[in-house]
Amino acid sequence: MPLRPGAVFRKFALLRGGGSRLAKGKQLTQHSIISAMLTPRAAICGAALALLGACASPDPALTRGTPFDPFEASNRINHENTKRVDRRVLRPLAEAYSAAMPDPAETGISNFATNISLPGAMVNNALQGNGVGMTSDFYRFLVNTTLGIGGFIDVASKMGMPARTDADFGQTLYTWGVNEGPYIELPLLGPSTSRAAAGRVVDWFTNPLYYFIEEPEIYYVAGARGARALTGRGLYSESINSVLYDSADSYAATRSYYLQNRRYKIGNRGSDAYLDPYDADQNSPAAPAGTPAVSADFEDPYDQ
């Protein structure tokens, strides 16, 4: 009958005079020693290999000929609900806000909200290893906070300083090699991808300034961010209305415009991952009447 490894090890220990009893009456076996040494290393190596495999695998959202939209059925439902909210609440509210607020006041509040967001962009630039972007955002924040009266006046732009980077954690995940993931339409928040949505959640916690602003001042910041969203909805009203209400398929148009704009923003400018059905310059049928051409200047009204 063959001896088990544990029995051989115990007999060898007795012959060498090591004693038959260990602390608390427990005996070490060869198996336990090897397991104790290898288990942590195996776990670390396995996690590292899994991470490298995820980063090295091709992004299905960019290697297919059509948008990666496995949740299209539910996305379309969310899109229609968002359109209802926009038609009944957001669009009228943005129009009323822009009409009631003097232009300098509206611009100042938007500038303030943008300036408050810069520390979060600095953190993401640091996580991305973008020292130039982090430095330029820092000096922009410093100048606008001091000379611009808390950021209400965009002195940095008037001085010709570099534009803000608008770095977010979704971009950070892209820099780290995380795939774009499927397209998703967030309820009330509009178009996104799984990577951008995850980054959006993390961005709630990456701005160090929010940890030092106490009540009730933090509510003023939230109000300024909401006002900036209304300003953006009013500023791009013509383009947004054309996409949402004049397109033959507003869901497909929104998805196309969002993905192109988002990929341009994170630096994936050369991607021809899919053909825009509304872009006549890509050997596709002519765009429906009233549909604007794709532009890098198009901004997501919900990404404020």
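Residues numbered from 1 in each chain as written. Predicted model: local features only at pLDDT ≥ 70, side-chain atom pairs only at ≥ 80, totals over all residues. Heavy atoms only, no water.

### Re the overall build of the protein chain
(1) Moving on: From N to C terminus, the protein chain includes 12 helices and two strands.
(2) Moving on: Ordered by position from the N terminus, the helices and strands of the protein chain form the series α-α-α-α-α-α-α-α-β-β-α-α-α-α.
(3) Moving on: Out of the 304 residues belonging to the protein chain, those deemed buried represent 36%.
(4) Moving on: A fraction of 65% describes how many contacts in the protein chain between residues 6 or more apart in sequence connect residues 24 or more apart.
(5) Moving on: When the accessible surface of the protein chain is totalled, it reaches about 17700 Å², and 64% of it is carbon and sulfur. (Helix = DSSP H or I, 4+ residues; strand = E, 2+ residues; numbered from the N terminus. Buried < 20%, exposed > 50% of the residue type's maximum accessible area, 1.4 Å probe, protein only. Contact = heavy atoms within 4.5 Å. Areas by Shrake-Rupley, 256 points an atom, 1.4 Å probe, with all protein chains shown as cover.)

### Section: the confidence of the model for the protein chain
(1) Moving on: Confidence in the prediction of the protein chain, expressed as mean pLDDT, is 79, and 68% of residues score 70 or more.
(2) Moving on: Summarising per-element confidence for the protein chain, the mean pLDDT is lowest in helix α2 (residues 30-56) (44) and highest in helix α6 (residues 131-146) (98).
(3) Moving on: In the model, residues 1-6 has pLDDT below 50 throughout and makes four contacts with residues more than four positions away in sequence or in other chains.
(4) Moving on: Low confidence marks residues 8-56, where pLDDT is under 50. Its contacts with residues over four positions away, or in another chain, come to 22 contacts. (pLDDT = per-residue confidence, 0-100.)

### Here we look at the pairing of strand β2 (residues 190-193)
(1) Moving on: Bridge analysis of strand β1 (residues 183-186) against β2 gives four bridges, and the strand direction is antiparallel. In the strand pairing of β2, Glu185 is matched with Pro191.
(2) Moving on: Counted between consecutive antiparallel strands, the loop separating β1 from β2 contains three residues, among which Leu188 sits at a positive phi close to 70°. (Pairing = 2+ DSSP bridges.)

### Quick word on the packing of aromatic side chains
(1) Moving on: Under the defined criterion, the tally for this structure stands at five aromatic pairs.
(2) Moving on: Ring centres of Tyr183 and Tyr251 lie 6.0 Å apart, and the angle between their planes is 75°; on these two criteria the pair is classed as edge-to-face. Here Tyr183, found in strand β1, pairs with Tyr251, found in helix α12 (residues 250-265); they are 68 residues apart in sequence, far enough to count as distant.
(3) Moving on: Note on Tyr251: relative accessible area 1%, which makes it buried. (Phe/Tyr/Trp six-rings, centres within 6.5 Å; stacked < 30°, edge-to-face > 60°.)

### Some remarks on unusual backbone geometry
(1) Moving on: For the peptide bond that leads from Glu215 to Pro216, omega is 0°, which places it in the cis range.
(2) Moving on: Structurally, Pro216 can be placed in the loop between α9 (194-206) and α10 (217-235).
(3) Moving on: Phi at Ile149 is positive, roughly 55°, even though this residue is not glycine.
(4) Moving on: Relative to the elements of secondary structure, Ile149 occurs in the loop between α6 and α7 (155-158).
(5) Moving on: Of note, Asp166 is a non-glycine position whose phi angle comes to about 55°, a positive value.
(6) Moving on: Inspection of the secondary structure assignment puts Asp166 in the loop between α7 and α8 (169-175).

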